[in-house]
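Fold and geometry: a report
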Amino acid sequence: MNRDSIGSFAGKFLPASLSRLKKHSTSESAPDISNGMILYLEGLNKSFDGFKAINDLNLYIQEGELRCIIGPNGAGKSTMMDIITGKTRPDSGTAYFGRSMNLLEMDEPAIAQAGIGRKFQKPTVFENLSVDENLELAMAGPKRIWSTFSGRFNSEQTDMRNEVLKLTGLTELRSRPGKVLSHGQKQWLEIAMLLMQKPKLLLVDEPVTGMTRQEMEKTGELLDSLAGTHTVIVVEHDMDFVRSIAKKVTVLHQGHVLSEGTMDQVQSDPKVVEVYLGTNE
Ligand code: ADP
Ligand code: MG
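This write-up is about the structure you can find in this document.

Cut-offs and rules
- Residues numbered from 1 in each chain as written.
- Chains lettered and ligands numbered in written order.
- Predicted model: local features only at pLDDT ≥ 70, side-chain atom pairs only at ≥ 80, totals over all residues.
- Helix = DSSP H or I, 4+ residues; strand = E, 2+ residues; numbered from the N terminus.
- Buried ≥ 20, exposed ≤ 12 C-beta atoms within 10 Å, placed from the backbone.
- Contact = placed C-beta atoms within 7 Å.
- Pairing = 2+ DSSP bridges.
- Expected span 1.5 Å × (residues − 1).
- Arc of directions from axis to C-beta.

1. Here we look at the environment of Gly 64
Locating Gly 64 in the fold gives a position in the loop between β2 (51-62) and β3 (66-70). A count of 16 C-beta atoms within 10 Å places Gly 64 in the partly exposed class. With 162 residues separating them in the primary sequence, Gly 64 and Leu 226 have C-alpha atoms 8.5 Å apart. If near-sequence neighbours (up to four positions away) are discounted, Gly 64 is found in contact with Ala 227, Gly 228 and Thr 231.

Take a look at the structure:
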């Protein structure tokens, strides 16, 4: 078999996402954060049937930051996450991961591979697999396929899993199947699964919905402990939760940044009081 036929053989039999990973990893596999910024969204616009879901949106996130995004229903929070992860393309504007990775030229698997992980609101852990096995399946990159096939996990992967279990408080539950976990524990497992992929930027959509106060507190501590070594963007409705964790808050309204600052600053901003915090939304 010559080189070309090996190439086409691989192209035919590797999953599409894997061949994209390979292509992507050649030149740029990590964002350039030499100036301390990890995410730049500038002048973004996105309309759905003439309705402007995102309207001249600018957002700048520093590496290691824990940023909360709040805003009424329909403000464009999920659409913004969809643009960052490549699920939705904006009509115009720019989106960069670090200084040089143009997110608008990357597809979803390439963006995930570059280090942007997203946790959706509803947990999607494998109910019949143990916590350990869920983490095994979540392991990053092509290795995931081979280790799943061979049933082997190298010592570096084992160390990492132990670290992630400890960080998320799941060590004692490691042998239990997903289905016996509480709602909160499932959410933590899902965060743990994301961490196994070594993301640099974590997008977390409404993590405390349906949680008890105690679980909420623990989630706040977990997200706080991830900041610094990771950058975390949290979309959340629960104001007490946002107040308890947030260092900087961005208020979205009609697809645009209405206000930004500490929770105290945005809560006393008359524009915010008028459209959001003053209501019972
Ligand atoms: P949020 O997450 O802040 O509640 P979204 O980003 O989900 O807001 O939605 C912003 C607006 O865009 C809403 O009015 C929503 O109905 C609309 N929208 C979002 N996605 C689509 C879509 N795929 N097709 C049509 N309209 C959409
Ligand atoms: Mg939403």
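2. Some details on unusual backbone geometry
Backbone geometry places Lys 198, a non-glycine residue, at a positive phi of 50 degrees. Following the sequence through the fold, Lys 198 ends up in the loop between α8 (183-195) and β7 (201-205). On the basis of neighbour counts, which here come to 14 C-beta atoms within 10 Å, the residue Lys 198 falls in the partly exposed class. Even without being a glycine, Gln 254 presents a positive backbone phi close to 50 degrees. Within the secondary structure layout, Gln 254 lies in the loop between β9 (248-253) and β10 (256-261).

3. Section: the sheet that holds β2
Strand order in the open sheet formed by four strands is β2-β1-β4-β5, and the pairing between neighbours is antiparallel. Looking along the sheet, the strands with just one partner apiece sit at the ends: β2 and β5 (101-102).

4. Digging into helix α7 (residues 155-167)
With 13 residues, α7 ought to run about 18 Å at 1.5 Å a step, and its terminal C-alpha atoms sit 18 Å apart, in line with that. Within α7, burial applies to Arg 161, Val 164 and Leu 165. Looking down the long axis of α7, one finds its buried residues gathered within 100 degrees of arc, a one-sided arrangement. Away from its buried face by more than 90 degrees, α7 exposes Ser 155, Glu 156, Asp 159, Glu 163 and Lys 166. Within two residues after α7, Gly 169 carries a phi angle of roughly 70 degrees, on the positive side.

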